[in-house]
Amino acid sequence: MEWEEWKPFYERIVREMGYSVERDREAAELLRAVLLENDTYLLKEELEVVVGKKVYVFGAGPSLEKVLEEHDFSDGTLIAADGATTALLEREIIPDIVVTDLDGRLLDLRKANEKGAFMVIHAHGDNMDKIGAYGALFDNVLGTCQTEPLDIIYNFGGFTDGDRAAFLAEALGAEKIILVGFDFGSFVGKWSKPWLKEHAPLWESKAKKFAFAKELLRWLEENGSAKLVWFQ
Ligand SMILES: Nc1ncnc2c1ncn2[C@@H]1O[C@H](COP(=O)(O)OP(=O)(O)OP(=O)(O)O)[C@@H](O)[C@H]1O
Ligand SMILES: Nc1nc2c(c(=O)[nH]1)N=C(CO)CN2
Ligand SMILES: [Mg+2]
């Protein structure tokens, strides 16, 4: 998704979620500074070679657990959206790429990175504290933002970690994107937040995020060049 296509979505998101564009911009600058200072940044071209034709994107919906038990996903590139990383690690699956705004379980995000996963870390106005505190703990990081892209900070479109991961796969050349554990139902998967012990009833701000995520994935289905499939 090009910036001009993303801009109207972003403007609606900012309005409906009450975000600050200025803070989102500040976060992008902060992430850029952290990655440059530590020399841990990746360029798009370096991540492109990791993404094959067939990509599985794992969301953190409650359905993920059973699906991981019953199916083998070793024939594609594995991209975990934030909290889904924990569910994969529990089954000793190391994702190729983790897409996160750093609010999943930090130890699991780091473990995946140490075991070889490339990180795609997203900067927004509400995670600057996390970027400042933990940004330097990761290696092989492609930075993303939701405002205008900077030199090493990309914007491929997408809002939540899950739909953003699908937009990333599209931008990096995937031909088939299979969404696993995306149920967007009335429960948030227990891997979604570090403090959740069980799947939790959907709360209001998360419901709004899910509505945008679904809309963006529909856009990708209609306008992307990759085939988008919902794994059942
Ligand atoms: N029922 C579900 N519960 C949680 N995540 C889901 C569900 N269905 C689909 N997903 C997708 O899985 C992704 C990973 O979940 P996670 O909650 O860890 O990420 P997140 O977007 O960072 O959440 P937040 O906006 O609260 O930071 C979500 O971004 C969402 O796109
Ligand atoms: N400002 C701001 N932007 C976001 C936020 C958030 O909580 N605040 N959460 C996101 C992941 O779902 C993506 N973008
Ligand atoms: Mg997150």
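An unreviewed UniProt entry lists the protein chain under the name 6-hydroxymethyl-7,8-dihydropterin pyrophosphokinase, from Pyrococcus yayanosii. Recorded under Function (unreviewed entry), the UniProt text for the protein chain is reproduced unchanged: "Catalyzes the transfer of diphosphate from ATP to 6-hydroxymethyl-7,8-dihydropterin (6-HMD), leading to 6-hydroxymethyl-7,8-dihydropterin diphosphate (6-HMDP)."

Glancing now at the pairing of strand β4 (residues 118-123). Summarising burial for β4: five of the six residues are buried, a large majority. Pairing of strand β3 (residues 97-100) with β4 involves four bridges; the strand directions are parallel. Looking at β4, one finds that Val 99 is bridged to Val 120. As paired elements, β4 and strand β5 (residues 141-145) share five bridges and run parallel to each other. Directly across from Met 119, in β5, lies its bridge partner Val 141.

Quick look at helix α1 (residues 3-17) now. With 15 residues, α1 extends 20 Å from end C-alpha to end C-alpha; this agrees with the ideal 21 Å at 1.5 Å per step. Those residues of α1 that sit buried are Trp 3, Trp 6, Phe 9, Tyr 10, Ile 13, Val 14 and Met 17. Residues of α1 that are buried in the fold lie against α2 (21-38) and α9 (204-223). Of the residues trailing α1, Gly 18 is marked for its positive phi of about 75 degrees.

Summed over all chains, the structure comprises eleven salt bridges. A salt bridge links Arg 32 to Asp 151; the nearest nitrogen and oxygen atoms lie 2.7 Å apart. On the criterion of sequence distance, the pair formed by Arg 32 in helix α2 and Asp 151 in the loop between β5 and β6 (153-154) is long-range, its members being 119 residues apart. Lys 190 is paired through a salt bridge with Glu 65; the nearest N and O atoms lie 3.5 Å apart. Taken together, the positions of Lys 190 in the loop between β8 (187-188) and β9 (200-201) and Glu 65 in helix α4 (residues 64-70) put the pair 125 residues apart, joining distant regions of the chain. Its relative accessible area of 32% is what places Glu 65 among the partly exposed residues. Each of Glu 22, Arg 25 and Glu 148 takes part in one network of salt bridges that share partners.

Another aspect to go through is the packing of aromatic side chains. Applying the stated criterion across every chain, the model contains 13 aromatic pairs. Ring centres of Phe 184 and Trp 230 lie 6.3 Å apart, and the angle between their planes is 65 degrees; this geometry places the pair in the edge-to-face category. Of this pair, Phe 184 sits in the loop between β7 (176-180) and β8 while Trp 230 sits in strand β10 (residues 227-230), placing them 46 residues apart in sequence. Among the residues examined, Trp 230 registers a relative accessible area of 29% and is labelled partly exposed.

Turning our eyes to something else, we now look at the site of ligand 2. Around ligand 2, the surrounding shell consists of Tyr 19, Asp 24, Asp 101, His 124, Gly 125, Asp 126, Gln 146, Phe 159, Thr 160 and Lys 209. Contact distances for ligand 2 include 3.4 Å between a nitrogen atom and a side-chain N or O atom of His 124. Split into classes, the residues belonging to the shell around ligand 2 amount to two nonpolar, four polar and four charged.

Rules of the game
Residues numbered from 1 in each chain as written. Chains lettered and ligands numbered in written order. Predicted model: local features only at pLDDT ≥ 70, side-chain atom pairs only at ≥ 80, totals over all residues. Heavy atoms only, no water. UniProt positions renumbered as here; feature names shortened; annotations may be inferred. Buried < 20%, exposed > 50% of the residue type's maximum accessible area, 1.4 Å probe, protein only. Helix = DSSP H or I, 4+ residues; strand = E, 2+ residues; numbered from the N terminus. Pairing = 2+ DSSP bridges. Expected span 1.5 Å × (residues − 1). Contact = heavy atoms within 4.5 Å. Salt bridge = Lys/Arg side-chain N within 4 Å of Asp/Glu carboxyl O. Phe/Tyr/Trp six-rings, centres within 6.5 Å; stacked < 30°, edge-to-face > 60°. Near = heavy atom within 4 Å. Polar contact = N/O pair within 3.5 Å; in protein donor to acceptor, adjacent residues only side chain to side chain. Nonpolar A, V, L, I, M, F, W, Y, C, P; charged D, E, K, R; others polar.

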